[in-house]
Amino acid sequence: MRTLKVDLGERSYPIFIGADLLTDASRFLPYIAGRQVAIVTNETVAPLYLERLSQTLRERTMTAIVLPDGEAFKNWETLQLIFDGLLQARHDRRTTVIALGGGVIGDMAGFAAACYQRGVDFIQVPTTLLSQVDSSVGGKTGINHPLGKNMVGAFYQPKAVVIDTTTLATLPPRELAAGLAEVIKYGLICDEPFLAWLEQKMDRLLALDAEALTEAIERSCQAKARVVGADERESGLRAILNLGHTFGHAIETHMGYGVWLHGEAVAAGTVMALEMSTRLGWISPAERDRGIRLLQRAGLPVVPPGGMGPEHFLEHMAVDKKVLDGQLRLVLLNRPGEAVITADYPRDVLDATLRADYRALAAQLGE
Ligand code: NAD
Ligand code: GLY
């Protein structure tokens, strides 16, 4: 087992990464202050892993709150079901909420924990690759609004993150690829050697090789913990974690939540960020193509949805959380392994990026 730390003073917490951790009570009990726990999960994950975790926590009084599955349910109505479950079972302020599932469950359960009786403890138990490498770490919690992705939420850190890598065995291949989009992101924004490592190991990752997956998760969590430790509430640096997300969130909102997976939208959005960095002359076409090829090898979409024109992107990007004083800041690359957040770009370069022929670019690279 590997242990990392998110260093945030008195709100610091460990990330445990290893096989079969769902059955290891010592990873949970020291982080549960009271007698009650509420496991928040969904209809897909519950039959797979709820019993295993419940057994591990059998010394505590446990409530299971099983939500409908999907990004389309990351909303007020579903959030209310968590409060209903907590209140019906009389959970008090010393309760601990445990998020068992992917990023949708982690974001919603974390937000519920931040709000319930003005804040109760919570533990993240991420079961998708995407949530293990990204969403469970760093304390961003929240829900979607019909007009914008993740627009309602709170920064609220967990007490611990417990990553059981064996849960990945049941993950559908499309979800594995979606997680790889965020893994590749870390290489592009802050770790060129990791990018080179991913180029070597992509086939092993896709084959669910345990050693390669554990290393990818560890290196991703290290990068995320470093960035979050330096800028918890995104006053600057943390925004680099959003490479491809401004374009990607526009895709998710426009298509309807859940039609494109978050990681898929991030992949196509990353291609757009690479293209814009190239048009600005900050990276070379060969460096852009290196990123696109890696996303393609992971089985991710590298072309934005056919029906989306520049006007659709601009409409959704106008409500991005990186808009400050009316100016849209974008995460772009200075070079592979170094991202910048900037509003200092000519508007016509953004327009050209939104109009670019990504289908031709992908075809040229052998999609
Ligand atoms: P998800 O939570 O929808 O999970 C994907 C699918 O896999 C779901 O159907 C889920 O039920 C299923 N699943 C989960 N674990 C499984 C397992 N072990 N075996 C089989 N099926 C399993 O999606 P996701 O990709 O995990 O997360 C995406 C969400 O995370 C988005 O809402 C995104 O906005 C959010 N996110 C948040 C942050 C953050 O910092 N808070 C960062 C990145 C993404
Ligand atoms: N996924 C972006 C962040 O955590 O800041």
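Residues numbered from 1 in each chain as written. Chains lettered and ligands numbered in written order. Predicted model: local features only at pLDDT ≥ 70, side-chain atom pairs only at ≥ 80, totals over all residues. Heavy atoms only, no water.

**What about the site of ligand 2?**
And step 1. The immediate surroundings of ligand 2 are formed by Asp134, Lys140, Lys224, Glu234, Arg238, Leu241 and Asn242.
And step 2. Interatomic distance of 3.3 Å between a side-chain N/O atom of aspartate 134 and a nitrogen atom of ligand 2.
And step 3. The side chain of lysine 140 places a nitrogen or oxygen atom 2.8 Å from an oxygen atom of ligand 2.
And step 4. Burial of ligand 2 by the protein chains amounts to 89% of its free accessible area of 190 Å².
And step 5. Taken together, the residues of the shell around ligand 2 break down into one nonpolar, one polar and five charged. (Near = heavy atom within 4 Å. Polar contact = N/O pair within 3.5 Å; in protein donor to acceptor, adjacent residues only side chain to side chain. Areas by Shrake-Rupley, 256 points an atom, 1.4 Å probe, with all protein chains shown as cover. Nonpolar A, V, L, I, M, F, W, Y, C, P; charged D, E, K, R; others polar.)

**Considerations on the packing of helix H2 (residues 76–88) against helix H3 (residues 103–115)**
And step 1. One can describe the packing of H2 onto H3 by two numbers: an axis separation of 10 Å at closest approach and a directional angle of 55°. Relative to H3, H2 is oriented oblique. Like other packed secondary-structure pairs, H2 and H3 cross with a definite hand, here right-handed. Contacts from Thr78, Leu79, Ile82 and Phe83 of H2 reach H3 at Met108, Ala109, Phe111, Ala112 and Cys115.
And step 2. Of the residues that constitute the contact of H2 with H3, the class distribution is eight nonpolar, one polar and no charged. (Axes fitted to C-alpha atoms, helices over the stretch in contact; angles between N-to-C directions. Helix = DSSP H or I, 4+ residues; strand = E, 2+ residues; numbered from the N terminus. Parallel < 35°, antiparallel > 145°, perpendicular 65-115°, else oblique. Left-handed = near helix turned anticlockwise from the far one by under 90°. Contact = heavy atoms within 4.5 Å.)

**Considering the pairing of strand S5 (residues 96–101)**
And step 1. For S5, the buried fraction is high: six of the six residues fall into the buried class.
And step 2. Here S5 shows a buried face lined by Thr96, Ile98 and Leu100 and a second buried face lined by Val97, Ala99 and Gly101.
And step 3. Alignment of strand S3 (residues 36–42) against S5, held across four bridges, turns out to be parallel. Considered in S5, the bridge of valine 37 is made with threonine 96.
And step 4. Sheet topology note: the S5/strand S6 (residues 121–126) ladder contains six bridges and is parallel. Within the sheet, the bridge partner assigned to leucine 100 lies in S6 and is valine 125.
And step 5. Taken together, S5, H3 and S6 constitute a β-α-β crossover, and its handedness is right-handed. (Buried < 20%, exposed > 50% of the residue type's maximum accessible area, 1.4 Å probe, protein only. Pairing = 2+ DSSP bridges. Right-handed = clockwise from strand over helix to strand, strands pointing away.)

**Some thoughts on the packing of helix H6 (residues 192–206) against helix H10 (residues 285–297)**
And step 1. Running from N to C, H6 and H10 cross one another at 25°; their axes reach a closest spacing of 10 Å. Here H10 runs roughly parallel to H6, going by the angle between their axes. Helix-helix and strand crossings are classified by hand; for H6 and H10 the assignment is left-handed. Taking contact as the criterion, the partners of Glu192, Leu195, Ala196, Leu198, Glu199, Met202, Asp203 and Leu206 in H6 are, on H10, Arg290, Leu294 and Arg297.
And step 2. Per-class residue counts for the contact of H6 with H10 are six nonpolar, no polar and five charged.

**Focus: helix H9 (residues 262–279)**
And step 1. Compared with the 26 Å implied by 1.5 Å per residue over 18 residues, the 26 Å span of H9 between its first and last C-alpha is a close match.
And step 2. Burial of H9 is extensive: 17 of the 18 residues sit out of reach of the surface.
And step 3. At the C-terminal side of H9, glycine 281 shows a positive phi close to 80°. (Expected span 1.5 Å × (residues − 1).)

**Observations concerning the UniProt feature "domain: 3-dehydroquinate synthase C-terminal" (unreviewed entry) in the protein chain**
And step 1. Per the UniProt record, "domain: 3-dehydroquinate synthase C-terminal" (unreviewed entry) is annotated on residues 179–323.
And step 2. Annotated as residues 179–323, this span is 68% helix and 1% strand, and its ends, taken at the C-alpha atoms, are 26 Å apart. (UniProt positions renumbered as here; feature names shortened; annotations may be inferred.)

**Concerning the side chain of arginine 27**
And step 1. Structurally, arginine 27 can be placed in the loop between strand S2 (13–18) and S3.
And step 2. For arginine 27, a relative accessible area of 19% puts it in the buried group.
And step 3. Those residues within four positions of arginine 27 in sequence are excluded, and the remaining contacts are Met1, Phe16, Leu21 and Val162.

**Remarks on the sheet that holds S2**
And step 1. Strands sit in the order S1-S2-S9-S6-S5-S3-S4 across an open sheet of seven strands; the sheet is mixed. The open sheet terminates on both sides in strands that have one partner only, identified here as strand S1 (2–6) and strand S4 (61–67). Averaged over all neighbouring strand pairs, the angle between strand axes comes to 20°, with direction disregarded.
And step 2. Bridging between S1 and S2 involves five bridges; their strand directions are antiparallel. In the strand pairing of S2, arginine 2 is matched with isoleucine 17.
And step 3. Each of S3, S4 and S5 touches H2; the most contacted strand, S4, lies at about 160° to it.

**Re the site of ligand 1**
And step 1. The environment of ligand 1 is made up of 28 residues, and the closest members are Asp69, Thr127, Thr128, Lys149 and Thr170.
And step 2. Within the contact set of ligand 1, an oxygen atom lies 3.0 Å away from a side-chain nitrogen or oxygen of asparagine 42.
And step 3. One of the side-chain nitrogen or oxygen atoms of lysine 224 is found 3.5 Å away from an oxygen atom of ligand 1.
And step 4. Bound to the protein, ligand 1 loses 92% of the 870 Å² it would expose on its own.
And step 5. Those elements that place two or more of their residues in the shell around ligand 1 are helix H1 (46–56), H3, helix H4 (129–135), strand S8 (148–155) and helix H5 (173–190).

**Digging into the pattern of salt bridges**
And step 1. Across all of its chains, the model carries 22 salt bridges by this definition.
And step 2. Across the pair glutamate 215 and arginine 219 runs a salt bridge whose closest N-O atoms are separated by 3.4 Å. Taken together, the residues glutamate 215 and arginine 219, both in helix H7 (residues 210–230) and four residues apart, mark about one turn of the helix.
And step 3. Here glutamate 275 makes a salt bridge to arginine 279, at a shortest N to O gap of 2.6 Å. A residue pair is termed a helical-turn pair when its members lie 3 or 4 positions apart in one helix, as glutamate 275 and arginine 279 do in helix H9 at four residues.
And step 4. Since its relative accessible area comes to 42%, arginine 279 is described here as partly exposed.
And step 5. When salt bridges with common partners are traced through the structure, they connect Asp134, Glu182, Lys185 and Lys224 into a single cluster. (Salt bridge = Lys/Arg side-chain N within 4 Å of Asp/Glu carboxyl O.)

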